[in-house]
Amino acid sequence: MCKECGCGEPERNEEIIPVAREILEENTHYALHNKEHLRKHGIVMFNLVGSPGAGKTTLLERTIPALREEFKIAVVEGDLETQNDKERIDRLGVPCYQICTHGACHLDAKMVHHALHELNLDDSFDIVFVENVGNLVCPADFPLGEDFRVVVLSVPEGDDKPEKYPKIFHGSDAVVLTKIDLVPHLDFDVEKCRRGAYQVNPKAKFFEVSAKTGDGFQKYLDWVRWAAKTPF
Ligand SMILES: Nc1nc2c(ncn2[C@@H]2O[C@H](COP(=O)(O)OP(=O)(O)OP(=O)(O)O)[C@@H](O)[C@H]2O)c(=O)[nH]1
Ligand SMILES: [Mg+2]
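Because the structure is predicted, anything quoted here is derived from the model rather than measured. (Residues numbered from 1 in each chain as written. Chains lettered and ligands numbered in written order. Predicted model: local features only at pLDDT ≥ 70, side-chain atom pairs only at ≥ 80, totals over all residues.)

> Any chance you could explain the overall build of the protein here in plain terms?
The helix and strand inventory of the protein stands at eight helices and seven strands. Here the C-alpha atoms of the protein give a radius of gyration of 19 Å, agreeing with the 17 Å that 2.2 N^0.38 yields for 232 residues. Taken along the three principal axes of its C-alpha coordinates, the protein extends 60 × 50 × 35 Å. By residue count, 40% of the 232 residues in the protein fall in the buried class. (Helix = DSSP H or I, 4+ residues; strand = E, 2+ residues; numbered from the N terminus. Rg over C-alpha atoms; globule rule 2.2 N^0.38 Å. Buried ≥ 20, exposed ≤ 12 C-beta atoms within 10 Å, placed from the backbone.)

> What is the right way to look at the pairing of strand β5 (residues 148-154) in this model?
Side chains on a regular strand alternate between the two faces of the sheet. For β5, the tally of buried residues reaches six of seven residues, placing the bulk of the element in the interior. Two strands pair when backbone bridges link them, and strand β1 (residues 44-50) and β5 are joined in this way by five bridges, in the parallel orientation. Of the residues in β5, the one forming a bridge with F46 is F148. Summarising the sheet, β5 and strand β6 (residues 174-178) pair through five bridges and their orientation is parallel. (Pairing = 2+ DSSP bridges.)

> Sorry, what's going on with the sheet that holds strand β3 (residues 96-100) here?
Strand pairing in a sheet relies on backbone hydrogen bonds. The paired strands run either parallel or antiparallel. Read from one edge to the other, the open sheet built from seven strands follows the order β3-β2-β4-β1-β5-β6-β7, with strand pairing classed as parallel. Strand pairing shows two members of the sheet lacking a second neighbour, β3 and β7 (205-208), which therefore form its edges. For this sheet, the mean inter-axis angle between neighbouring strands, taken without regard to orientation, is 20°. Strand contacts of helix α4 (residues 109-119): β2 (73-79), β3 and β4 (127-131), with the helix running at about 150° to β3, the strand carrying the most contacts. (Axes fitted to C-alpha atoms, helices over the stretch in contact; angles between N-to-C directions. Contact = placed C-beta atoms within 7 Å.)

> Teacher, can you tell me more about the packing of helix α2 (residues 56-67) against helix α8 (residues 217-228) here?
Each pair of packed helices gets described by two things: the angle between the helix axes and the distance between those axes. Direction vectors running N to C along α2 and α8 enclose 65°, while the axes themselves pass 11 Å from each other. With respect to the hand of their crossing, α2 and α8 are arranged in right-handed fashion. Taken together, the residues of α8 that come into contact with α2 (itself represented by R62, T63, A66 and L67) are F217, L221 and V224. Of the residues contributing to the contact of α2 with α8, the split by class is five nonpolar, one polar and one charged. (Left-handed = near helix turned anticlockwise from the far one by under 90°. Nonpolar A, V, L, I, M, F, W, Y, C, P; charged D, E, K, R; others polar.)

> Before we go on, may I ask you to explain the site of ligand 1 in this structure?
Lining the immediate surroundings of ligand 1 are 17 residues, of which G55, T57, T58, G134 and A211 lie closest. Per element, the largest residue contribution to the shell around ligand 1 is three residues, and it comes from α2. A per-class count over the shell around ligand 1 returns four nonpolar, eight polar and five charged. (Near = placed C-beta within 6 Å.)

> Whenever I open this one, unusual backbone geometry confuses me. Can you help?
Backbone geometry follows two general trends: most residues other than glycine have a negative phi, and most peptide bonds adopt the trans configuration. Of note, T82 is a non-glycine position whose phi angle comes to about 80°, a positive value. Note on placement: T82 falls in the loop between β2 and α3 (84-90). Looking at T82, the number of C-beta atoms within 10 Å reads 11, which means it is exposed. Its identity as a non-glycine residue notwithstanding, H102 has a phi of 50°, on the positive side. Among the secondary structure elements, H102 is positioned in the loop between β3 and α4. Judged by local crowding, H102 falls into the exposed class, with 8 C-beta atoms found within 10 Å.

> Would you mind showing me how to read α4 here?
Taken as a whole, α4 has its buried residues at A109, M111, V112, A115 and L116. For α4, the angular spread of buried residues about the axis comes to 150°, placing them on one side. Just downstream of α4, N120 is the residue with a positive phi angle, here 60°. (Arc of directions from axis to C-beta.)

> So what exactly am I meant to see when it comes to helix α7 (residues 190-200) here?
Note: α-helices contain 3.6 residues per turn, so residues at a spacing of three or four share the same orientation. Taken residue by residue, α7 has C193, G196 and A197 as its buried positions. Each buried residue of α7 lies within a common arc of 95° when the element is viewed along its axis, so the set occupies one face. Counted as exposed and oriented over 90 degrees from the buried face of α7: E191 and Q199. Residues of α7 that are buried in the fold lie against α5 (161-164), α6 (166-170), β6 and β7.

> Help me understand the nonpolar core in this model?
Counting residues in each nonpolar core, the largest one holds 57 residues, and the members touching the most others are V112, V128, F129, V130, V175 and V176. Not counting residues up to four positions away in its chain, the partners in contact with V128 are I43, M45, A74 and V76. (Core = buried A, V, L, I, M, F, W, Y, C linked by C-beta atoms within 7 Å.)

Right, here's the structure in full:
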């Protein structure tokens, strides 16, 4: 019972926090299991996080054709509903499993565990790209067992996002600023955004790309190549 106003709601410490802790502990258990599973098969997993429409699938549509000769790639797509993103990835001819969360605002490690089994890792993949549900908040609390977390941020979202949503940037390995072709049309200060990202997380790489013009992709692809070959 809430002591502040006696409204009958449970106090945070009474019920809500233990339930949340249980959920996070279960996630940690599956994330570690996923990591072990991936290690055993020599696979590197990337978790792409970012707001709805930031350009995550478009980034994959650029990345996969550029790397498919060098690496055997599979994709896990996460959305609340629809197979739309899976259909886009299917057109590239790489295996893809779509998770529909039916309302949940993030993927969790158990969902990804199931997806990895559906993809059949014995098929000797080198890279699994996971596209998380579009959300700049909740995926930060649910590691999936990935080796690298990539925040995909787009110019129309505004240059202050690293400062306003630090948690997701804090645990990331790279920030990919997409839609830089739109900079001339919007009040977006690339340097301010880069500084904000650096202040939150000095270790994260910062890339600027445009899927429309292809600008900046080479540097990002070189980083993905490097990351995929990192020995663990
Ligand atoms: N101008 C411009 N548009 C882009 C760029 N990248 C993506 N888009 C457009 O942005 C829209 C959203 O792109 P998606 O790749 O579907 O975004 P997403 O992050 O996968 O979206 P959800 O999966 O729904 O969260 C599409 O209309 C893309 O064509 C870019 O670099 N420049
Ligand atoms: Mg998408």
